[in-house]
Amino acid sequence: MAAAPGGYADILKAPHAARLLIGTLIGRLPNGTGPIAIMVFIRAEGGSYSLAGALAAVYGIGNAIGQPLLGRAVDLYGQPRVQLPAAVVSALGMALLVLAGTDPLVLAYGAVAVAGLFTPPLEGGLRALWPSVLGREDRVHRAYAMDAVAQEVMFTVGPLLVTLFVALWSPAAALLVINAIGVLGALSVVLSEPSRAWRSAPREAHWLGALRSPGLLALLASFFFVGLALGSITVAGIAYAEDHGNASVYGWLMAALGLGALIGGAVYGARHWAGAPERRLRVLVGLLALGYLPLMLTPGVAAMTALAALAGVFLAPAIACAFLVVDRHAPRGTVTEAFSWLVTTFGVGAAAGTAVAGPVVQLSGTPASFAVASAGGFVALLVLLATQRVLAVPRRGAVHTGDVVATSENDRNGAVEPGFSTGHQA
């Protein structure tokens, strides 16, 4: 391990890097705020909490289905032809919800399903662009960590923006404005030179796409349980706040988790890490699981907030390392789809965590619901340990494509080090 020269500043000084990062974060704003914005709007329209929750769930399901499908389309047809039209259709879905309200209900459900299904895979697209923008493998590794940190910022700032727009205008205006901003973010990305020039490497025709990689399947299975751990903490945090008779305590706990992730991601990205990332990922997921254990003690609010910050420290590093492992195991020509599968699996796991933690709280109390989070982390580690043979060595070997020889699955122009995969620029 050594200090990485330049750190995040070195990345952001690279041509197009800051624009791509900011544009992607802005473009993902509707996704990061979608569930809460939908719930606030439906409640303002007189809908019940059950209806608001159901519509938010449909949005989430649509998102989970659409991300890998759109990711595959990006790999096949390029970013501008998929990302921008998808962003526009998703925004129109939300606009239809605003216009129709909750009557008829079938139209409301259809609108949020379209909005979720067509959410553009900007997150996976950005990670596919980093190698062509940054070149060196160590810089791309730091960019993955920076992504994870920036994601925590977005999920913290996004709900605050919803609250601000509701206060300034209305819940309907908040939905419309946030989605319009999202389209502008996607537009900024797809008009950039790296996005317009990027092409995925030629891919073998296979209906499974990225899922034909055993290493990727192992990683997805593990990160389902990482998502479950994080989702269960959401429910456990609410239960803890209710136990202490103060709803604002939940906000403090979530903010502390985010702060811990920010610190962990910043430290992780500032270092150059030697050795196989698959081995490093096992250590990070194990530390993540251990970090959740003290939350079962449910001490006073001050101590619990400190424990929450500690629990969040290894989340961003684990996610950043997982991105690198995905890139190493994605079959040739499927890198955007593979990244999108990780995003989807993590989200489905988080939804499962909320579903599991709810009954656990009712049956066994708040400490047991925090135990679900730690159990999820340890199961994720067990999956990585059980599958370490398929995760050990990504498939390699020189690939001849015309006059170009690549030493990795997706790198046609040799722009990065052997074993590191990416798309190519036309």
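The residue numbering used here restarts from 1 in each chain and proceeds along that chain's sequence as written. Reporting of local features is limited, given that this is a predicted model, to residues whose pLDDT is at least 70; pairs of side-chain atoms are given and counted only at 80 or more, and all residues count toward the totals for whole chains, interfaces and linings. Computation of side-chain values: all heavy atoms of the structure, hydrogens and water removed.

(A) Quick look at the overall build of the protein chain. Tallying secondary structure elements over the protein chain gives 18 helices and six strands in all. Burial classes follow relative accessibility: with a 1.4 Å probe on protein chains only, a residue under 20% of its type's maximum area counts as buried, one over 50% as exposed, and anything between as partly exposed. Scored against the burial criterion, the 426 residues of the protein chain give a buried share of 53%. What makes two residues a contact is simply this: any of their non-hydrogen atoms within 4.5 Å. By sequence separation, contacts in the protein chain at least 24 residues apart represent 80% of the contacts at least 6 residues apart. Accessible surface for the protein chain amounts to roughly 16800 Å². Of this, 70% is attributable to carbon and sulfur atoms. Here a helix means four or more residues in a row that DSSP labels H or I, a strand means two or more in a row labelled E, and each is numbered from the N terminus. Here the open area of atoms and residues is found with the Shrake-Rupley method and a 1.4 Å probe, where only the protein chains shown may cover a residue.

(B) Layout of helix α7 (residues 122–134). Here, expected helix span is obtained from the residue count minus one, scaled by 1.5 Å. For α7, built from 13 residues, the straight-helix expectation of 18 Å at 1.5 Å per residue is met to within 8% by its first-to-last C-alpha distance of 18 Å. Of all the bends found along α7, the most pronounced is centred on Ala128 and spans about 30 degrees, while Pro131, a proline, follows it within four residues. Burial analysis of α7 places 12 of its 13 residues in the buried class, the great majority of the element. Among all positions in α7, only Leu122, Glu123, Gly124, Gly125, Leu126, Arg127, Ala128, Leu129, Trp130, Pro131, Val133 and Leu134 are buried. Of the residues one or two after α7, Gly135 is the one with positive phi, at around 80 degrees. Each residue is assigned a bend, namely the angle between axes fitted to the seven residues that terminate at it and the seven residues that start at it.

(C) Main features of the environment of Thr366. Of note, Thr366 is situated in helix α17 (residues 366–386). Relative accessible area serves as the criterion here: at 6%, Thr366 is assigned to the buried category. Here the alpha-carbon distance between Thr366 and Ala239, two residues 127 residues apart in the chain, equals 6.0 Å. Side-chain atoms alone can form a polar contact between residues adjacent in sequence; in general such a contact is a pair of N or O atoms within 3.5 Å, and within protein one must be able to donate a hydrogen while the other accepts it. At a separation of 2.5 Å, a polar atom in the side chain of Thr366 contacts the side chain of Asp243.

(D) How the structure looks around the environment of Asp147. In this fold, Asp147 is placed in helix α8 (residues 137–168). C-alpha of Asp147 to C-alpha of Ile319: the two residues are 172 residues apart in sequence and 9.3 Å apart in space. Those residues in contact with Asp147 that sit more than four places away from it in its chain are Leu21, Leu126, Arg127 and Trp130.

(E) Representation of the packing of helix α5 (residues 80–100) against helix α6 (residues 105–117) in the model. Where α5 meets α6, the closest approach of the two axes is 7 Å, and the angle between their N-to-C directions is 160 degrees. As far as their axial angle goes, α6 and α5 are roughly antiparallel. Where α5 crosses over α6, the handedness of that crossing is left-handed. Where α5 approaches α6, its residues Val89, Ser90, Gly93, Met94, Leu96, Leu97 and Ala100 are matched on the opposing element by Leu107, Ala108, Ala111, Val112, Val114 and Ala115. In this count, Pro and Cys sit with the nonpolar residues alongside Ala, Val, Leu, Ile, Met, Phe, Trp and Tyr, while Asp, Glu, Lys and Arg are called charged and the others, Gly among them, polar. Residue classes in the contact of α5 with α6 are distributed as 11 nonpolar, two polar and no charged. Lines fitted to the C-alpha atoms define the axes, with helices restricted to the stretch that makes contact. Angles between their N-to-C directions range from 0 to 180 degrees. By definition in this entry, angles of less than 35 degrees are roughly parallel, angles greater than 145 are roughly antiparallel, angles of 65 to 115 are roughly perpendicular, and the rest are oblique. Handedness of a crossing follows from how the near helix is turned relative to the far one, being left-handed for an anticlockwise turn of less than a right angle and right-handed for a clockwise one.

(F) Summary view of the pattern of salt bridges. We count a salt bridge whenever a side-chain nitrogen from Lys or Arg sits within 4 Å of a carboxyl oxygen from Asp or Glu. Evaluated as defined, the whole model comprises four salt bridges. With a closest N to O distance of 3.0 Å, Arg72 and Glu337 form a salt bridge. A residue pair is termed long-range when its members are at least 10 positions apart, and Arg72 in helix α4 (residues 49–77) and Glu337 in helix α16 (residues 335–364) qualify at 265 residues. For Arg72, a relative accessible area of 22% gives the class partly exposed. Assessed through its relative accessible area of 1%, Glu337 is described here as buried. A salt bridge links Arg328 to Glu278; its shortest N-O distance comes to 2.9 Å. Residue Arg328 is located in helix α15 (residues 315–329), and its partner Glu278 is located in helix α13 (residues 277–292); the two are separated by 50 residues in the primary sequence. Grouping residues by exposure puts Arg328 and Glu278 together as buried. Each of Arg28, Glu123 and Arg127 takes part in salt bridges that share partners, so that together they form one network.

(G) Here's a closer look at the side chain of Gln83. The residue Gln83 is located in helix α5 in this model. A residue is classified by how much of its surface remains accessible, and Gln83, at 1% relative accessible area, is buried. A distance of 3.3 Å separates the side chain of Gln83 from the backbone oxygen of Pro121, its partner in a polar contact.

(H) Highlighting the nonpolar core. Remark: nonpolar core denotes a set of buried residues (Ala, Val, Leu, Ile, Met, Phe, Trp, Tyr, Cys) joined through side-chain atoms within 4.5 Å. Among the nonpolar cores identified, the biggest contains 77 residues, and Trp130, Phe223 and Leu281 are the most heavily contacted of them. Ignoring sequence-local partners within four residues, the contact set of Phe223 consists of Leu281, Val285, Ala318, Ile319, Ala322, Leu342, Thr345 and Phe346.

(I) Inspection of a nonpolar patch on the surface at higher detail. Candidate patch residues must exceed 30% relative accessible area and have no salt bridge, after which like charges are joined if within 9 Å and Val, Leu, Ile, Met, Phe, Trp or Tyr side chains if within 5 Å. On the surface, Ile61, Ile65, Leu69, Val89, Val114, Leu117 and Phe118 cluster together into a nonpolar patch covering about 550 Å² of accessible area. Elements supplying a minimum of two residues to the nonpolar patch: α4 and α6. In terms of residues, the nonpolar patch owes the most to one element, α4, which gives three residues. Examined against the element boundaries, Leu117 turns out to sit in helix α6. Residue Leu117 is classed as partly exposed on the basis of its relative accessible area of 31%.

(J) Seen up close, the side chain of Arg127. Here Arg127 shows up in helix α7. Looking at Arg127, its side chain comes within polar contact range of the side chain of Glu123, at 2.6 Å. The residues touching Arg127, leaving out its near neighbours within four places in the chain, are Tyr144, Asp147, Gln151, Phe323 and Phe339.

(K) Quick look at the environment of Ala306. With respect to the element layout, Ala306 can be found in helix α14 (residues 301–312). Note on Ala306: relative accessible area 48%, which makes it partly exposed. Sequence separation of Ala306 and Leu257 is 49 residues, and the distance between their C-alpha atoms is 9.0 Å.

(L) Highlighting α14. Between its terminal C-alpha atoms α14 stretches 16 Å, which fits the 16 Å expected from 12 residues at 1.5 Å a residue. Along α14, the positions that sit buried rather than exposed are Met304, Leu307, Ala308, Ala311 and Gly312. The buried residues of α14 occupy an angular sector of 135 degrees when the element is viewed end-on, so they sit on one face. Considering only its buried residues, α14 is in contact with α11 (214–243), α12 (248–269), α13, α15 and α17. Read the arc as the range of directions from the helix axis to the C-beta atoms.

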